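Each chain, letter by letter, is given below.
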Amino acid sequence: MAIALPQSLEKIPMKKQDQELTPQQIVSELDKYIVGQNAAKKAVAIALRNRYRRRKLPPDLADEIAPKNILMIGPTGVGKTEISRRLAKLTYSPFLKIEASKFTEVGYVGRDVESMIRDLVRISAEMVKQEKIQEIQTKAEKNVEEKLLDILLPPPRRKTDQFDQEEHLKFQETREKLRHQLRQGLLDERMVEIETREKMAPPFEIFSNTGVEEIGIHIQEMIPGLLGGKPKKRKVKVKEAREYILEDEQKRLIDMDQVAGLAVERVEQSGIIFLDEVDKVAGRESGRGPEVSREGVQRDLLPIIEGTTVNTRYGLVKTDHILFIGAGAFHVTKPADLIPELQGRFPIRVELTSLDKKDFIRILTEPENALIKQYKALIATERIKVGFTDEAVEEVAAISEKVNESSENIGARRLYTVMEKVMEEISFKAPNIRKKKISIDKKYVQDQLEEIIKDEDLSRFIL
């Protein structure tokens, strides 16, 4: 029926990846952020539970069970992407959103389809690395403290019997005093000299017969110092030195070979790729024009979705069990316009419905990340309490529906533009407003939007 506005996801806390969520629990979690669209929620919940079930099977049988990829059909702004993002967040799975229209047929200039697997593995590696950093954080911070103390109070180069007996206690006493000051932050502004490495230059891309490849990292591994990374001494404040040394300690304590292995395994078993704008590459070969390239992209996508092996900098990755969620509006084309082989790789079809006034009201108020809650929290930072009457919420929903009907229908994203215009004056004047409680009613909403709504040409540009 309806869905909440897509929001950027907050940082995921690293937990055990394998969570035994039932389909009902998955839908219940999605309901916290997404209103309606029950068919889509049910489909992704079943797909997710099937992964858990497959892991419980004997390896020989588990390898034979392919994921049931999903094709979401619906206009823009109804929540296709948000459902997939929230799904990945629930399971701490590597997730990549990419537009199918960015790919070009092999032989043309542009991204090759295998690049999405390389991107997904890179995301997975970063997730695993962050988990490992949390595991060794206490040890790393302890090592950093000891190294900073060594810099602030270098131990004597030569030890004598006299030092061992008399000076050792004094040295340790001074060191403990410094440790206390360091922990209290009293030494943060003191300048110290440390050895740092130059930041590595970003990798650059080349076009090869297999597509676009990033080669900067590989060259860096073969010839250290060519793209940066030369050691040099710098004078920095203690608080900056702590960050540099901590980064080095994390690199030293983390086994990157283990990270690479876990990253590849996680992609193969739990990876999710959201392939947006599938309808843009739908079309059969007509012998001329862009149609040939469209079908070419479909044929290039086919082996990746069917299951193949892709070479990445972290190792070979099998795509057999990656879950692909395709999505598209399919206004001009229809799923039947995809080549038959690709249609067969998306056996689950769900249609997401357009949004109306009732949906908008629920979206504005019900989800945990509801737009009105966001604006209230933002203005509250200025020590101003903003309230919305029920009539005001209804009016915002009604205007959003009306603008969607009279101009381009962009679904729930219309609420962003309307709400921003409603809150514009308050947001601008908030630091100087003395009144600490503001109630927004139906009349206030109408006053803020009246001129724009009357002028249809203007509303096309502003809303």
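Colleague: Account for the overall build of the protein, naming residues and giving values.
Modeller: Within the protein, the regular secondary structure consists of 18 helices and 13 strands. For the protein, with 463 residues in total, the buried portion stands at 44%. Partitioning the intrachain contacts of the protein with sequence separation of at least 6 by distance along the chain shows that 78% fall at a separation of at least 24. Per element, the accessible surface of the protein, about 25700 Å² overall, is 50% carbon and sulfur.

Colleague: How would you summarise the pairing of strand β1 (residues 70-73) if you had to cite specific residues and measurements?
Modeller: Burial of the side chains of β1 extends over both faces: Ile70 and Met72 are buried on one face and Leu71 and Ile73 on the other. Where β1 meets strand β10 (residues 323-328), four bridges bridge the pair, whose relative direction is parallel. What sits directly across from methionine 72, in β10, is alanine 327. As paired elements, β1 and strand β11 (residues 348-351) share four bridges and run parallel to each other. In the strand pairing of β11, leucine 71 is matched with arginine 349.

Colleague: Give me the lowdown on the confidence of the model for the protein, citing residues and values where you can.
Modeller: Counting all residues, the mean pLDDT for the protein is 80, and 81% of those residues have values of 70 or more. Every residue in residues 1-18 is under pLDDT 50, and counting partners more than four places away or in other chains gives 67 contacts. When the criterion is pLDDT under 50, residues 215-227 qualifies, and its contacts beyond four places in sequence or with other chains add up to 22 contacts.

Colleague: Break down the packing of aromatic side chains for me, citing the residues and quoting the values.
Modeller: What the rule picks out here adds up to zero aromatic pairs. Positioned over the ring face of tyrosine 33 is arginine 86, at 3.8 Å from the centre of the ring.

Colleague: Tell me what's going on with the environment of glutamate 243, and back it up with residues and numbers.
Modeller: Of note, glutamate 243 is situated in helix α8 (residues 238-253). For glutamate 243, a relative accessible area of 58% puts it in the exposed group.

Colleague: Mind laying out helix α14 (residues 390-406), listing which residues take part and the relevant values?
Modeller: In a regular helix each residue adds 1.5 Å, so 17 residues correspond to 24 Å; α14 covers 24 Å between its end C-alpha atoms and thus fits that length. Within α14, the full set of buried residues consists of Ala392, Val393, Glu395, Val396, Ala397, Ile399, Ser400, Val403 and Asn404. Residues of α14 that are buried sit in contact with α12 (357-365), α13 (371-380), β12 (385-388), α15 (413-422), β13 (437-440) and α17 (442-454).

Colleague: Which residues make up the sheet that holds strand β2 (residues 95-99), and what values go with them?
Modeller: Taken in spatial order, the five strands make up an open sheet running β2-β7-β10-β1-β11, and their pairing is parallel. Taken across any chain shown, the strands that pair with only one partner, and hence form the sheet edges, are β2 and β11. Put simply, the sheet's adjacent strands are angled 20° from each other on average, direction ignored. Against the sheet, helix α5 (residues 115-152) touches β2, β7 (272-276) and β10, its axis set at about 150° to β2.

Colleague: Hey, could you go over a negative patch on the surface for me, with residue numbers and the actual values?
Modeller: A grouping of Asp60, Asp63, Glu64 and Asp320 is seen on the molecular surface, where their side chains present a negatively charged patch. For glutamate 64, the position within the fold is in helix α3 (residues 59-64). Classification of glutamate 64 by relative accessible area gives exposed; the value is 65%.

Colleague: Talk me through the pattern of salt bridges; I want residue IDs and the actual numbers.
Modeller: Applying the stated criterion across every chain, the model contains 32 salt bridges. Between glutamate 82 and arginine 86 there is a salt bridge, with the nearest N and O atoms lying 3.0 Å from each other. Of this pair, glutamate 82 and arginine 86 are both found in helix α4 (residues 80-91), four residues apart, which corresponds to roughly one turn of the helix. Considered together, glutamate 82 and arginine 86 belong to a single accessibility category, that of buried residues.

Colleague: Explain the side chain of lysine 80 to me, using residue names and the numbers behind them.
Modeller: Its place among the elements puts lysine 80 in helix α4. Here lysine 80 is buried and forms no salt bridge, its nearest opposite-charge partner aspartate 276 lying at an N-O distance of 5.5 Å. Within the structure, lysine 80 has its side chain in polar contact with the backbone oxygen of glycine 74 (distance 2.9 Å). There is a polar contact of 2.9 Å between the side chain of lysine 80 and the backbone oxygen of proline 75. In contact with lysine 80, not counting residues within four places along its chain, are Met72, Gly74, Pro75, Phe274, Ala327, Gly328 and Leu352.

Colleague: So what's going on with the packing of α14 against α17? Residues and values would help.
Modeller: Between α14 and α17, the shortest axis-to-axis distance is 8 Å and the interhelical angle comes to 20°. In this view, α14 runs roughly parallel relative to α17, as classed from their interaxial angle. Note on element contacts: α17 touches α14 through Lys442, Val445, Gln446, Leu449 and Ile453, opposite Glu391, Ala392, Glu395, Val396, Ile399, Lys402 and Val403. For the contact of α14 with α17, the per-class residue count stands at seven nonpolar, one polar and four charged.

Colleague: Could you give an account of the environment of aspartate 188, with specific residues and numbers?
Modeller: By the element assignment, aspartate 188 lies in the loop between α6 (161-184) and β3 (191-197). Residues aspartate 188 and glutamate 240 lie 52 residues apart in sequence; the distance between their C-alpha atoms is 8.2 Å. Setting aside residues no more than four positions away along its own chain, aspartate 188 makes contact with Lys237, Val238, Lys239 and Arg242.

Colleague: Account for the environment of glycine 79, naming residues and giving values.
Modeller: Along the chain, glycine 79 falls in the loop between β1 and α4. Remark: the alpha-carbon pair of glycine 79 and glycine 36, spanning 43 residues in sequence, is separated by 9.8 Å.

Reading the values: rules and limits
- Numbers given for residues are sequential positions, taken from 1 along each chain in its written order.
- Two thresholds apply to this predicted model, a pLDDT of at least 70 for residue-level local features and 80 or more for giving and counting side-chain atom pairs, whereas whole-chain, interface and lining totals are computed over all residues.
- Excluded from the side-chain calculations are hydrogens and water; all other atoms, namely the structure's heavy atoms, are used.
- Working definition: helices are DSSP H or I runs of at least four residues, strands are E runs of at least two. Numbering for both runs from the N terminus.
- Here the term buried applies to any residue with accessible area under 20% of the maximum for its type, exposed to any over 50%, and partly exposed to those in between, with areas from a 1.4 Å probe on protein chains only.
- Throughout, a contact is declared for two residues whenever any of their heavy atoms are within 4.5 Å.
- Using a 1.4 Å probe, accessible areas were evaluated by the Shrake-Rupley method; residue-level cover was limited to the displayed protein chains.
- DSSP-based pairing: two strands are paired if at least 2 bridges between them are found.
- What pLDDT conveys is the predictor's confidence in a given residue, as a value from 0 to 100.
- Two rings from Phe, Tyr or Trp (for Trp, the six-membered ring) form a pair when their centres are within 6.5 Å of each other. A pair whose planes differ by under 30 degrees is stacked, one over 60 is edge-to-face, and the rest are tilted.
- The rule is short: NZ of Lys or CZ of Arg within 6 Å of the ring centre and within 35 degrees of the ring normal puts a charge over the ring.
- Working rule for helices: expected span equals 1.5 Å times residues minus one.
- Only the stretch in contact is used when a helix axis is fitted, and all axes are lines through C-alpha atoms; the angle between N-to-C directions ranges over 0 to 180 degrees.
- Put simply, a patch holds well-exposed residues, over 30% relative accessible area, that have no salt bridge, with like charges counted together within 9 Å and Val, Leu, Ile, Met, Phe, Trp or Tyr side chains within 5 Å.
- One speaks of a salt bridge when a side-chain nitrogen belonging to Lys or Arg is within 4 Å of a carboxyl oxygen belonging to Asp or Glu.
- Note that His is not counted, nor are the chain ends; the positive residues are Lys and Arg, and the negative ones are Asp and Glu.
- Where a charge lies is defined by one atom per residue type, namely NZ (Lys), CZ (Arg), CG (Asp) and CD (Glu).
- Polar contacts, as used here, are pairs of N or O atoms within 3.5 Å; protein pairs need one atom able to donate a hydrogen and one able to accept it. Residues neighboring in sequence count only if both atoms are side-chain atoms.
- Angle categories: roughly parallel below 35 degrees, roughly antiparallel above 145, roughly perpendicular from 65 to 115, and oblique for all the rest.
- The classification used treats Ala, Val, Leu, Ile, Met, Phe, Trp, Tyr, Cys and Pro as nonpolar, Asp, Glu, Lys and Arg as charged, and all other residues, Gly among them, as polar.

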